[in-house]
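# Structural description and commentary
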Amino acid sequence: MTIVIGLTGGIASGKSTADAFFHKKKIPVIDSDRIAHELLNIDHAGYKVVVTEFGCNILNSDKSINRAKLGQIVFSDKQQLEKLNAITHPLILKEIQAKITRYKKLGELIVVLDAPLLFESKARNLCDCSILIALPESEQIKRLMVRDNLTEKDAIARINSQMSLAQKAKLADYVILNTSTIKVLETKLDKLISKIIKESEYGMS
């Protein structure tokens, strides 16, 4: 049996650090952001639809999508974000399902699905349980400003484009606070994964 764990959190909450830990533990990670990124490449399914909907002004000179321009449009207008999500989410979910199926056939004990929009989309339905990486919003804003070189206003707009961490905490099966060092986060994740495996074994007995 393969346990599919949905990993989520706010922007700059520490999911990438968690992913790095899972990679070190040889646990496969399905990165929904990477899938979404690839879907907007010229030779992929979402490209033509997105360009049709948002116009050629989002294109670079080589016809590739200027992701910064597209981001400015959708993160400043909720309706535009919903339009983009309506296009990309079904395509992303289809690819996620294909990857989960492949890992199950390989007999992996655990597969992690890293999905920032785990609860906003239908991705949670593909998982056996969910983990939320959380931290105070003030710290989240600071980290995002540094990571993406954003103004405070732009950082807040990006954070507000997603479901709040407080709302996600109510939906998540497990919540890990990432307010200390990487080592502390890794220790928390290690203990939680062991707990999930034991609970799964108990449920099967």
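Residues numbered from 1 in each chain as written. Predicted model: local features only at pLDDT ≥ 70, side-chain atom pairs only at ≥ 80, totals over all residues. Heavy atoms only, no water.

We now examine the packing of helix 3 (residues 45–54) against helix 5 (residues 78–105). It is the contact of helix 3 with helix 5, at a shortest axis distance of 10 Å, that shows an interaxial angle of 160°. The angle between helix 3 and helix 5 falls in the class roughly antiparallel. Crossing angle aside, the handedness with which helix 3 passes helix 5 is right-handed. For the pair formed by helix 3 and helix 5, the contact residues are A45, G46, V49, V50, E53 and F54 on the first element and Q80, K83, L84, I87 and L91 on the second. (Axes fitted to C-alpha atoms, helices over the stretch in contact; angles between N-to-C directions. Helix = DSSP H or I, 4+ residues; strand = E, 2+ residues; numbered from the N terminus. Parallel < 35°, antiparallel > 145°, perpendicular 65-115°, else oblique. Left-handed = near helix turned anticlockwise from the far one by under 90°. Contact = heavy atoms within 4.5 Å.)

This part is about the packing of aromatic side chains. Summed over the entire model, instances satisfying the criterion amount to one aromatic pair. The ring of F54 has K83 sitting right over it, with the charged end atom 5.2 Å from the ring centre. Of note, R102 hangs over the ring of Y103, and the distance from its end group to the ring centre comes to 5.6 Å. (Phe/Tyr/Trp six-rings, centres within 6.5 Å; stacked < 30°, edge-to-face > 60°. Lys NZ or Arg CZ within 6 Å of the ring centre and 35° of its normal.)

Glancing now at helix 1 (residues 15–24). It helps to recall that an α-helix has 3.6 residues per turn; residues three or four apart then point in one direction. If you check which residues of helix 1 are buried, you get K15, A18, D19, F21 and F22. What you see down the axis of helix 1 is that its buried residues fit within an arc of 160°, all on one side. Residues of helix 1 that are exposed and point over 90 degrees away from its buried face: S16 and K24. After helix 1 finishes, the residue K26 shows a positive phi value of roughly 65°. (Buried < 20%, exposed > 50% of the residue type's maximum accessible area, 1.4 Å probe, protein only. Arc of directions from axis to C-beta.)

Attention now moves to helix 6 (residues 137–148). The end-to-end C-alpha distance of helix 6, which contains twelve residues, comes to 16 Å, matching closely the 16 Å that a straight helix rising 1.5 Å per residue would cover. Q140, I141 and L144 are the residues of helix 6 that are buried. All buried residues of helix 6 project into a common sector of 100° when viewed along the axis, lining one side. Exposed and oriented more than 90 degrees from the buried face of helix 6 are K142 and V146. (Expected span 1.5 Å × (residues − 1).)

Any two side chains of opposite charge can pair, on the condition that their charged atoms come close. The final tally for this structure, using the stated rule, is seven salt bridges. The salt bridge partner of E139 is R143, with a shortest N-O separation of 3.3 Å. Remark: R143 and E139 occur in helix 6; sequence separation between them is four residues, near one turn of the helix. Exposure remark for E139: the relative accessible area of 30% places this residue in the partly exposed category. On the basis of relative accessibility, which here comes to 25%, the residue R143 falls in the partly exposed class. (Salt bridge = Lys/Arg side-chain N within 4 Å of Asp/Glu carboxyl O.)

Attention now moves to the side chain of N178. Turning to its location among the elements, N178 is positioned in the loop between strand 5 (174–177) and helix 9 (182–204). Side-chain polar atoms of N178 contact the backbone oxygen of S13, separated by 2.9 Å. Among residues more than four places away in sequence, those in contact with N178 are S13, G14, I133, A134, L135, R143 and L185. (Polar contact = N/O pair within 3.5 Å; in protein donor to acceptor, adjacent residues only side chain to side chain.)

Right, let's get into unusual backbone geometry. Positive phi outside glycine occurs at K63, with the angle close to 75°. With respect to the helices, strands and loops of the structure, K63 is situated in the loop between helix 3 and helix 4 (67–74). Residue classification places K63 among the exposed residues on the basis of a relative accessible area of 52%. Positive phi values are uncommon outside glycine, yet N149 reaches one of about 55°. Mapped onto the secondary structure, N149 falls in the loop between helix 6 and helix 7 (152–160). The exposure class assigned to N149 is exposed, which follows from its relative accessible area of 71%.

Read these as geometric descriptors, not functional statements.
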